[in-house]
Amino acid sequence: MTRETAVARVLLVLVFAPAGGLFGEAVAEAAQGREWWPWLVAAPVWLVVSGAISMAVSSRFDEHR
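All of these numbers come straight from a predicted model, not from anything done at the bench.

Peer 1: For this particular structure, what's the right way to read the overall build of the chain?
Peer 2: In terms of helices and strands, the chain carries 2 helices and 0 strands. Overall, the chain is about 50 × 20 × 5 Å in size when its C-alpha atoms are taken along their principal axes. Classification of the 65 residues of the chain by burial places 15% in the buried group. Long-range contacts, defined as pairs at least 24 residues apart, comprise 56% of the intrachain contacts of the chain with a sequence gap of at least 6. Just so you have it, the chain exposes about 4,900 Å², and 69% of that area is on carbon and sulfur atoms.

Structure below.
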């Protein structure tokens, strides 16, 4: 595995794993009858922000090739 592939896999986990946790938290809060929408809003915001950061990091590695 090349270094770029390893970085891409780490970035993939750092982007999608927390978003899945936020969606899961929204479901858990809804099941308990509490406010669930802040968690549901936080998940796509996390995806957009962390995805943009990971794209910047990934393109930075491509420039150094």
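Still more to cover.
Peer 1: What am I meant to see in a nonpolar patch on the surface here?
Peer 2: On the surface, Phe-23, Trp-36, Trp-37, Leu-40, Val-41, Val-45, Val-48, Val-49, Ile-53 and Val-57 cluster together to form a nonpolar patch covering roughly 910 Å² of accessible area. Counting residues per element, the nonpolar patch draws most heavily on helix 2 (residues 37-63), at 8 residues. Here Ile-53 shows up in helix 2. Ile-53 gets classed as exposed once you look at its relative accessible area, which sits at 52%.

Peer 1: Help me understand the environment of Ala-43 in this model?
Peer 2: Note that Ala-43 resides in helix 2. For Ala-43, the contacting residues outside a window of four places in its chain are Ala-19, Leu-22 and Phe-23.

Peer 1: Teacher, can you tell me more about the side chain of Ser-50 here?
Peer 2: For Ser-50, the position within the fold is in helix 2. Note on Ser-50: relative accessible area 9%, which makes it buried.

Peer 1: How should helix 1 (residues 3-31) be read in this particular structure?
Peer 2: Because each turn of an α-helix spans 3.6 residues, side chains separated by three or four positions in sequence point in the same direction. Between the first and last C-alpha of helix 1 there are 42 Å, a value that for 29 residues agrees with the 42 Å anticipated at 1.5 Å per step. Restricting attention to buried positions, one finds in helix 1 the residues Leu-11, Val-15, Ala-19, Leu-22, Ala-26 and Glu-29. Directly after helix 1, the chain includes Gly-33, whose backbone phi takes a positive value near 80 degrees.

Criteria and cut-off values
- Residues numbered from 1 in each chain as written.
- Predicted model: local features only at pLDDT ≥ 70, side-chain atom pairs only at ≥ 80, totals over all residues.
- Heavy atoms only, no water.
- Helix = DSSP H or I, 4+ residues; strand = E, 2+ residues; numbered from the N terminus.
- Buried < 20%, exposed > 50% of the residue type's maximum accessible area, 1.4 Å probe, protein only.
- Contact = heavy atoms within 4.5 Å.
- Areas by Shrake-Rupley, 256 points an atom, 1.4 Å probe, with all protein chains shown as cover.
- Patch = residues over 30% accessible without salt bridge, like charges linked within 9 Å, V, L, I, M, F, W, Y side chains within 5 Å.
- Salt bridge = Lys/Arg side-chain N within 4 Å of Asp/Glu carboxyl O.
- Expected span 1.5 Å × (residues − 1).

Function cannot be inferred from these measures alone, as they are strictly geometric.
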